[in-house]
Number of protein chains: 2
Amino acid sequence: MKFSVKVTLKKDVLDPQGKVVAQTLQNMGMNTLKNIRQGKYFEIEISENNEAKAKEKIDEMCKKLLVNLIIEDFEISKI
Amino acid sequence: MKFSVKVTLKKDVLDPQGKVVAQTLQNMGMNTLKNIRQGKYFEIEISENNEAKAKEKIDEMCKKLLVNLIIEDFEISKI
């Protein structure tokens, strides 16, 4: 079973990397750009046939290693 | 208008960062894990009301700055 995990910075956390990307794009003439935030993305394959159990495992991986819950949010979806 | 962009390494490109994450998770006892690949994720807000035009702009940003087309694929979706 394959899942995707999107990890994004929480709304009130500053995103300096995103800011730099935004400035660079604006300097390149993309003046319609309003905002850009950068996050991480994982594609995880797991050998577990029960979807609920698989999701639980992924959730555990996120909480234990992949995501810093203090500053980041995450979203798991099946692909 | 807000879009998300997922950037992933092409299938045949090695992903050392993903490998390390996979090994770490396996060492932590997650033995059902089969594979994990890491990518990037962007949330882009753009002041353009025509969806097709907005997507085109995002596509341009990806090709010019955000994505290395030699080793990476990307996928734009509206959010």
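Look up: the structure comes first, before these words.
Presented here is a report on the structure given in the accompanying data block. All of these numbers come straight from a predicted model, not from anything done at the bench.

Side note on the interface of chain B and chain A
Part 1: The partner chain A presents 29 residues to the 29 residues of chain B that form the contact.
Part 2: Between chain B and chain A, the buried area comes to about 3,000 Å², and carbon and sulfur atoms account for 67% of it.
Part 3: Three residues stand out in chain B for area buried against chain A, namely T32, Y41 and E45 of chain B, and they jointly supply 21% of the buried area on that side.
Part 4: If you look at where chain B meets chain A, you find two salt bridges.

Quick word on the relation of the copies chain B and chain A
Part 1: Of the two same-sequence chains, chain B is brought onto chain A (RMSD 0.0 Å, axial shift 0.0 Å) by a rotation of 180 degrees. Interpreted geometrically, this transformation is the action of a two-fold axis. Distance from the rotation axis, computed per C-alpha, reaches its smallest value in chain B at K40 of chain B: 2.3 Å.
Part 2: A shared interface surface links the copies, since 100% of the contact residues of chain B are contact residues in chain A too.

A word on the side chain of Q38 of chain A
Part 1: Among the structural elements, Q38 of chain A can be located in strand β2 (residues 33-46).
Part 2: At 3.5 Å, the side chain of Q38 of chain A and the side chain of Q17 of chain A are in polar contact.
Part 3: In this view, Q38 of chain A contacts L9, D15, Q17, G18 and V21 of chain A together with K40, Y41 and F42 of chain B; residues no more than four positions away in its chain are not counted.

Structural notes on the packing of helix α2 (residues 51-66) of chain A against helix α1 (residues 16-27) of chain B
Part 1: Direction vectors running N to C along α2 of chain A and α1 of chain B enclose 105 degrees, while the axes themselves pass 11 Å from each other. Between α2 of chain A and α1 of chain B, the angle falls in the class roughly perpendicular. Residue-level contacts link M61, L65 and L66 of chain A of α2 of chain A to V21, T24 and L25 of chain B of α1 of chain B.

So, how was this worked out
Residues take numbers from 1 onward in each chain, read along the sequence in its written order. Chain letters start at A and ligand numbers start at 1, both assigned in the order the entries are written. Local features are withheld for residues below a pLDDT of 70 in this predicted model, meaning they are given only at 70 or higher, and side-chain atom pairs are given and counted only at 80 or more; totals for whole chains, interfaces and linings count all residues. Hydrogens and water molecules were not included; the side-chain quantities draw on all heavy atoms of the structure. Only heavy atoms matter for contacts: two residues are in contact if any of them lie within 4.5 Å across the pair. Note: buried area is the sum, over both parts, of the accessible area (probe 1.4 Å) each one loses when the two are combined. Here, a salt bridge means any Lys or Arg side-chain nitrogen found within 4 Å of an Asp or Glu carboxyl oxygen. All copies are superposed by least squares; the fitting set is the C-alpha atoms of residues with a pLDDT of at least 70 in both. Note on conventions: DSSP H or I runs of at least 4 residues are helices, E runs of at least 2 residues are strands, and numbering of each starts at the N terminus. By the criterion applied in these results, polar contacts are pairs of N or O atoms within 3.5 Å in which, for protein atoms, one can donate a hydrogen and the other can accept it, and in which residues neighboring in sequence qualify only through two side-chain atoms. Fitted lines through C-alpha atoms give the axes, limited to the stretch in contact for helices. The angle between two N-to-C directions lies from 0 to 180 degrees. Orientation is classified from the angle alone, with under 35 degrees giving roughly parallel, over 145 giving roughly antiparallel, 65 to 115 giving roughly perpendicular, and any other angle giving oblique.

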